[in-house]
Amino acid sequence: MPVKVDPTSTHARVTPSHALLASDTAASLSSCCDGSLLSALELTVESVSEILALATLLEQENPLKRAERLAKRRIALLFYESSTRTRTSFELAAKGLGADTTLVSSLSSSIEKGETLKDTGLTLRALGAEAIILRHPNSGAPWLLERETGLPVLNAGDGMHEHPSQALLDLRTILAHLRPGTEKVTAKTLAGVTICIVGDILHSRVARSNMLLLPKLGARVVLCGPKELLPEVAAQAGPGIEIERDFTKAIGQSQVVMMLRIQAERLAGLQLDLEEYKASYQLTEERLAAHTPEALVMHPGPIIRGLELTGEVADGPKSLILEQVHHGVAIRMALVLRALTQPTQKGVGA
Ligand code: CP
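Just so you know, these numbers come straight off a predicted model, no measurement behind them.

Definitions and limits used
Residues numbered from 1 in each chain as written. Predicted model: local features only at pLDDT ≥ 70, side-chain atom pairs only at ≥ 80, totals over all residues. Pairing = 2+ DSSP bridges. Helix = DSSP H or I, 4+ residues; strand = E, 2+ residues; numbered from the N terminus. Axes fitted to C-alpha atoms, helices over the stretch in contact; angles between N-to-C directions. Near = placed C-beta within 6 Å. Nonpolar A, V, L, I, M, F, W, Y, C, P; charged D, E, K, R; others polar. Domains from an automatic or database assignment. pLDDT = per-residue confidence, 0-100. Contact = placed C-beta atoms within 7 Å. Buried ≥ 20, exposed ≤ 12 C-beta atoms within 10 Å, placed from the backbone. Arc of directions from axis to C-beta. Parallel < 35°, antiparallel > 145°, perpendicular 65-115°, else oblique. Left-handed = near helix turned anticlockwise from the far one by under 90°.

Caption draft 1: How the structure looks around the sheet that holds strand β10 (residues 256–259). With respect to topology, five strands assemble into an open sheet ordered β9-β8-β7-β10-β11, the strand pairing being parallel. Every interior strand has two partners, whereas the edge strands, β9 (241–243) and β11 (296–298), have only one. Taking each pair of neighbouring strands and ignoring which way they run, the sheet shows an average axis angle of 25 degrees. Bridge analysis of strand β7 (residues 194–198) against strand β8 (residues 220–224) gives five bridges, and the strand direction is parallel. Counted as the bridge partner of Thr194 is Arg220 from β8.

Caption draft 2: A look at the site of the ligand. The ligand sits among Ser83, Thr84, Arg85, Thr86, Arg87, Gly157, His163, Gln166, Pro300, Gly301 and Pro302. A per-element tally of the shell around the ligand places helix α3 (residues 85–96) first, with three residues. Here the shell around the ligand is composed, by residue class, of two nonpolar, seven polar and two charged. Each of domain 1 (4–162 + 328–341) and domain 2 (164–326) accounts for three or more of the residues forming the shell around the ligand.

Caption draft 3: Broad picture of the confidence of the model for the chain. Averaged over all residues, the pLDDT of the chain equals 90, while 89% of them reach at least 70. Note that residues 1–19 has pLDDT below 50 and, in this model, 43 contacts with residues that lie over four places away or in other chains. pLDDT under 50 marks residues 21–27. Its contacts with residues more than four places away, or in other chains, come to 13 contacts.

Caption draft 4: Molecular detail of helix α4 (residues 117–126). All buried positions along α4 are accounted for by Leu117, Thr120, Gly121, Leu124 and Arg125. All buried residues of α4 lie within an arc of 140 degrees about the axis, which places them on one face of the element. Those residues of α4 hidden inside the fold are in contact with β3 (74–79), β4 (100–105), β5 (131–136) and α5 (141–149). Of the residues trailing α4, Gly128 is marked for its positive phi of about 105 degrees.

Caption draft 5: Structural detail: the sheet that holds β5. Strands sit in the order β4-β3-β5-β6 across an open sheet of four strands; the sheet is parallel. Looking at which strands have only one partner, the edges of the open sheet turn out to be β4 and β6 (153–158). Taken over all neighbouring pairs, the strand axes of this sheet differ in orientation by 10 degrees on average, direction set aside.

Caption draft 6: Geometry of the packing of α4 against α5. One can describe the packing of α4 onto α5 by two numbers: an axis separation of 9 Å at closest approach and a directional angle of 50 degrees. Classified by the angle their axes make, α4 and α5 are oblique. Note that α4 runs across α5; the crossing there is right-handed. On the side of α4, the interface is formed by Leu117, Lys118, Gly121, Leu122 and Arg125, while α5 contributes Ala141, Leu144, Leu145, Glu148 and Thr149.

Structure follows, in C-alpha cells:
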C-alpha cells in the first residue's frame, strides 16, 4: 500500500506505518522546495550527477574558501531519533560551509513537553533557520515539516520509509570502487552490477532508498532475508529489484553485499530466532571466501558485530563501512549547499 501523509494532521502521521511499496507516491509526496531532499524518488540521473560533482568540488575546495559559502546562514538539525553518523556528518557538512547549526533533539527540548512537529518547525523558522535536517520515527514527517514551514527539508531518515542521503553516499562509495572517477552518471553507469541487500529489509529506510536509487543507474538489486523481514511485495517497490532467499546464492551473484542491522526497536512483537537468523544470513569470512571473494562489503551502520556480520568481516579488507561514513560528509555538504541555494518554493507552505 502507498504511503499517505494525513493532510489534516499537524503531527507527523502516515498510514500505513510501513512503506515498502510506494512507487505511486512520487507525485503525491513531491517536495515543495527545490532545495529539499525528501525521497530518492525525486532524484534523476541529472540531479545525482550534479550532487556527486558538487560533493567532489566541495571536498577538494580550500576549507577557508568553502566556509564562506554559507557563512552565518542558519541550519537546524531536528532529531527525534538517535543518530551518530547522519547527525554528525550533516553538522560537520554545514559547519564546513560556514553555516551556524543548532541541534534540537527530542530528549532535551520542548518536544518532551508535547510540542508538535509543526510548532517546533515554526519555532526554528522564527529563530532564523533557513533549512531543517529532520530525523523522525514517523514515515512522511519530512513532507509535513516542509509543508508547514515552507523551508527546505533534508530527510535524515523517516521511520521505515526513506534515508535518501544515505543512498547517495552509498552510491558514491560504490562508484569510487567500481567506476572510479565517475561523477556524471547515466542510466547505464551501473549496468552489469548486482548489489545484494541482506537482512531486515522491512524496517530499513536505507534499503528502500537504495532500492529506489541504484536501479536508476542500471544496477540490479537483489534482496535477501527471511519472510518476516522481507515480504514478497518488496520486489514490486520499483524496477530492477528481485528477491533471492538463499543467502549464498544471493551473495554469489553480487559485486556488492550490503548488510543490514535487525532493527530491534521496530520489531513490534515480531519474534525472531536470532541463532537461526545467524545460521542462515550472517556474513562470515568463510561465506565471503566461498561464494563471493571479490565482493565489496557495505553496511550503513550501526553494525551489530556477531549478528548480521562477524567482527572479522566488518574489519576485513573488503569492508567499506568506514568509507561509507567518510563519503557522508561530502555528499551532505552538497545537499546542504543545494538546500540553501535553491530554496524556491513551489507555492506550498508558510
Ligand atoms: N546510517 C545511519 O543512519 O546511521 P546513524 O543512525 O548513526 O545516523
